[in-house]
Amino acid sequence: DTQLTKTWSATPIINGQVVSEFTVEGVSNTLDNHKIRAPWNHDVIAGDVRYANANIAKQAIDAAVAGQKIWQLVSASQRATILRKIADLYEKNYAELMALCQVEAGKTIQDSIDEIKEAVDFCRFYADEAERLNEVVHEITDLSGKPLRQVYKARGTFVCISPWNFPLAIYTGQIVAALAAGNTVVAKPAEQTSLIAHFGAQLMYQAGVPSEALQFVTGAGDVGGALTTANNIAGVIFTGSTQTAQRINQSLNSHVQLSGELPVFIAETGGQNAMIVDSTALPEQVVRDAVLSAFGSAGQRCSACRVLCVQEEVADGLIELLQGTMAELIVGNPAQVTTDVGPVIDKDAKKGLEAHIERMIAEPTANILAQATMSASSLVSQEQSTFVLPTAIEVKSIDVIGGEHFGPILHVLRYQARDLDKLIDAINATGFGLTLGIHSRIENIVEHIERRALVGNTYINRNQIGAIVNVQPFGGCGLSGTGPKAGGPHYVARLMQLTTEPLVSADSVSFSIQADIA
Ligand code: UN1
């Protein structure tokens, strides 16, 4: 609790120097200061953030590009050692990271534990990847019989733009993957969660990441825009909205590099994720998994279940169980151990979600099935906080939902067994392709759905959130993202390039130099 009342601060960090001012035409200005308030109680101030601007963003990129000279001298095994040290330091600073997850991001205690665990897992897994990819990939001889090899090399500077919903895990995962590959990084975390990111960056420097290899930039979309339009970057790793990803993609497509290659783009974006439940599913299990997938983390996961599709024969019974379970959800202060659902991130998020619920109430084909209530003992003032009550809404089609609503809202759709293919087509037609839950005890049905559904991650007879690093590599297709899956075996490799080079012995080098001199 003492940690919860502490205040933190965040500023841009360029080459190890804190930046709090900038100069325009010889005049020095102080960077704008923004207060971060706890989403569950706006009277609690988590800290202050100084926002960078386009000029500082450019300095950060140039510093990271120049920093490549330093980072490329660090061997793969040294890089791995540094990443493992970051993991150790995260574990050592557990109390502070837990407090930041709660006061800044509004995460429940369980979500905060999972958050730190995932960040640590990313560090250790990508450290292993740095070592694995350092092996010679392919050895062969050229036409004159001289040995050649293919090896992985760094690409350059990566811009890492991370979201507020996984303010430590995804933020750290992006950075350490790029560093593992031997690239330098400019990191820009979501403005809502700059404090934990700034603290994470400090721990990375403490672990031995050279200040030239990691530049830290605060701020909002204008700063992100300045970073991603820089023409001397090797690529962008992004998690956030589909619209922002599309903008970044367009701008990257216009800076073709000298080689003709486009910068690398990895994006994890939104979802309109369904759970398909047939009449052979176990109802209690379905409801437990759907409630966790839809309302866990206040529904603020791109993997969250947004549409529960239930076969007509079992729909009434399932809805009744769902209503009973939702009545027992504890919505309130995330710092209390019994809380199931905390607040959403900010006022804009709350406004958008409540507007969607209002729209659904007015929609003649939709029907509110259940809404959870605020826990009486949660000690929060509703006006001074950003809670959205978990809500279940029955809809007649997926179309009526109108895109992704990033919060604790679950849509319920009945389907007839004979229309299963139409249902899968409708799910595919959203254009999103992130997670899919299937609850069925019939193997043929499960396989049939798996074959037809266009999604990145399928989960069978369980919840559909909480992918585990190096167990369930995570990422989507279509409007849900592009590139290799995070926490999987292709991610760090994508941030590197394969080069073919002769295996020259020292002798033959000196011979050819002498021949040149002669
Ligand atoms: C996101 O919400 O931005 O599997 C993606 C999960 C998480 C989702 C991360 N890895 O629930």
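Values in this document were obtained by computation on a predicted structure and should not be read as measured data. (Residues numbered from 1 in each chain as written. Predicted model: local features only at pLDDT ≥ 70, side-chain atom pairs only at ≥ 80, totals over all residues. Heavy atoms only, no water.)

> Give me the lowdown on the overall build of the protein chain, citing residues and values where you can.
A tally of regular secondary structure across the protein chain gives 15 helices and 25 strands. Radius of gyration (C-alpha) of the protein chain: 25 Å, near the 24 Å computed for a compact globule of 518 residues. If you line up the protein chain on its principal axes, its C-alpha atoms span 90 × 60 × 40 Å. Of all 518 residues assigned to the protein chain, the portion counted as buried reaches 54%. Considering only contacts in the protein chain between residues 6 or more positions apart, those separated by 24 or more positions represent 75%. (Helix = DSSP H or I, 4+ residues; strand = E, 2+ residues; numbered from the N terminus. Rg over C-alpha atoms; globule rule 2.2 N^0.38 Å. Buried < 20%, exposed > 50% of the residue type's maximum accessible area, 1.4 Å probe, protein only. Contact = heavy atoms within 4.5 Å.)

> Describe in detail the pattern of salt bridges, supporting the description with residues and values.
Within the structure shown, the criterion is met by 20 salt bridges. Of the charged contacts in the structure, one is a salt bridge between Lys117 and Asp121, with a shortest N-O distance of 2.9 Å. Residue Lys117 and its partner Asp121 are located together in helix 4 (residues 109-132), separated by four residues, close to a single helical turn. Of the charged contacts, one joins Lys350 and Glu354 as a salt bridge, the two residues approaching to 3.2 Å between their closest N and O atoms. Of this pair, Lys350 and Glu354 both sit in helix 11 (residues 347-362), four residues apart, which is roughly one turn of the helix. On the basis of relative accessible area, Glu354 is assigned to the partly exposed category, the value being 33%. One network of salt bridges, with partners in common, ties together Glu312, Asp316, Glu394 and Arg414. (Salt bridge = Lys/Arg side-chain N within 4 Å of Asp/Glu carboxyl O.)

> Please give an account of the state of the cysteines that cites residues and values.
Tallied over the entire structure, the rule returns zero disulfides. As a non-bridged cysteine, Cys123 has Cys160 as the owner of its nearest cysteine sulfur, 13 Å distant. The class for Cys123 is buried, based on a relative accessible area of 0%. Cysteine Cys477 is unpaired, with the sulfur of Cys302 as its nearest cysteine sulfur at 13 Å. Owing to a relative accessible area of 29%, Cys477 belongs among the partly exposed residues under this scheme. (Disulfide = S-S within 2.5 Å.)

> An account of the sheet that holds strand 18 (residues 391-394) is needed here, citing residue identities and associated values.
In spatial order, the strands read 17-18-19-16-15-21-22; together these seven strands make up an open sheet with mixed pairing. Bordering the open sheet on either side are strand 17 (367-371) and strand 22 (457-460), each of which pairs with just one other strand. Between one strand and the next, the sheet's axes are offset by a mean angle of 20°, whatever the strand orientation. The sheet contact formed by strand 15 (residues 273-277) and strand 21 (residues 435-439) spans four bridges and is parallel. Each residue of the ladder has a partner; that of Met275, found in strand 21, is Gly437. Along the sheet face, helix 9 (residues 283-295) touches strand 15, strand 16 (305-311), strand 18, strand 19 (409-415) and strand 21 and points at about 175° away from the line of strand 15. Taken strand by strand, helix 12 (residues 420-429) contacts strand 15, strand 16 and strand 19, and its axis lies near 170° from that of strand 15. (Pairing = 2+ DSSP bridges. Axes fitted to C-alpha atoms, helices over the stretch in contact; angles between N-to-C directions.)

> Lay out the side chain of Ser375 in plain terms, naming residues and giving numbers.
Looking at the element boundaries, Ser375 is found in the loop between strand 17 and strand 18. Contacts of Ser375, omitting those with residues within four sequence positions, involve Ile330 and Val331.

> Could you give an account of the site of the ligand, naming the residues involved and the relevant values?
The full set of residues close to the ligand is Asn165, Phe166, Ile170, Thr239, Glu268, Arg301, Cys302, Ser303, Ile465, Gly466, Ala467 and Phe474. In the model, an oxygen atom of the ligand is placed 3.0 Å from a nitrogen or oxygen of the Asn165 side chain. At 2.8 Å from an oxygen atom of the ligand is found a main-chain nitrogen or oxygen belonging to Gly466. Relative to its unbound accessible surface of 320 Å², the ligand loses 96% to contact with the protein. Of all the cavities here, the one that holds the ligand is the second largest pocket. Here the residues of the shell around the ligand are counted per class, giving six nonpolar, four polar and two charged. (Near = heavy atom within 4 Å. Polar contact = N/O pair within 3.5 Å; in protein donor to acceptor, adjacent residues only side chain to side chain. Areas by Shrake-Rupley, 256 points an atom, 1.4 Å probe, with all protein chains shown as cover. 1 Å grid on protein atoms, 1.4 Å probe; cavity = no way out; pocket = protein on both sides within 12 Å on 5 of 7 lines; lining within 4 Å. Sits in = over half its atoms within 2 Å of the grid points. Nonpolar A, V, L, I, M, F, W, Y, C, P; charged D, E, K, R; others polar.)

> Quick rundown of the packing of aromatic side chains? Include the residues and the values.
This model, assessed by the stated rule, comprises four aromatic pairs. With centroids separated by 5.5 Å and ring planes inclined at 15°, the aromatic side chains of Phe122 and Tyr126 adopt a geometry described as stacked. Residue Phe122 and its partner Tyr126 are located together in helix 4, separated by four residues, close to a single helical turn. Here the aromatic rings of Tyr126 and Tyr491 are separated by 5.6 Å at their centres, their planes lie at 15°, and the arrangement is stacked. Here Tyr126 is found in helix 4, whereas its partner Tyr491 is found in helix 14 (residues 491-494), with 365 residues between them in sequence. Overall, the relative accessible area of 4% leaves Tyr491 in the buried class. Clustering of aromatic rings is evident, with ring pairs tying together Phe122, Phe125, Tyr126 and Tyr491. (Phe/Tyr/Trp six-rings, centres within 6.5 Å; stacked < 30°, edge-to-face > 60°.)

> Outline empty space enclosed by the protein, supporting the account with residue identities and numerical values.
Under the counting rule described, the total for this entry stands at four cavities of 30 Å³ or more. Considering the residues around the largest cavity, the lining is formed by 13 residues, among which Ala105, Gly106, Lys107, Ser297 and Gln300 are closest to the centre. When its residues are assigned to classes, the lining of the largest cavity shows five nonpolar, six polar and two charged. Of the voids in this model, the second largest cavity is the one considered here, and its volume is about 80 Å³. Surrounding the second largest cavity, 13 residues form its lining, Ile170, Gln174, Glu268, Ala486 and Tyr491 being those nearest its centre. Secondary-structure elements contributing two or more residues to the lining of the second largest cavity are helix 4, helix 5 (169-180), strand 13 (235-239) and strand 14 (264-268). For the lining of the second largest cavity, a count of residues per class yields nine nonpolar, three polar and one charged. (Points joined across faces, edges and corners; volume = space filled by probe spheres on them.)

> Explain the confidence of the model for the protein chain residue by residue, including any values.
Considering every residue of the protein chain, the mean pLDDT works out to 94; 95% of them sit at 70 or more. For the protein chain, helix 15 (residues 506-517) is the element with the lowest average pLDDT, namely 48, and helix 5 is the one with the highest, namely 99. For the stretch residues 509-518, pLDDT sits under 50, and the model shows one contact to residues farther than four places along the chain or on other chains. What the predictor reports for the complex is a pTM of 0.95 with an ipTM of 0.96. (pLDDT = per-residue confidence, 0-100.)

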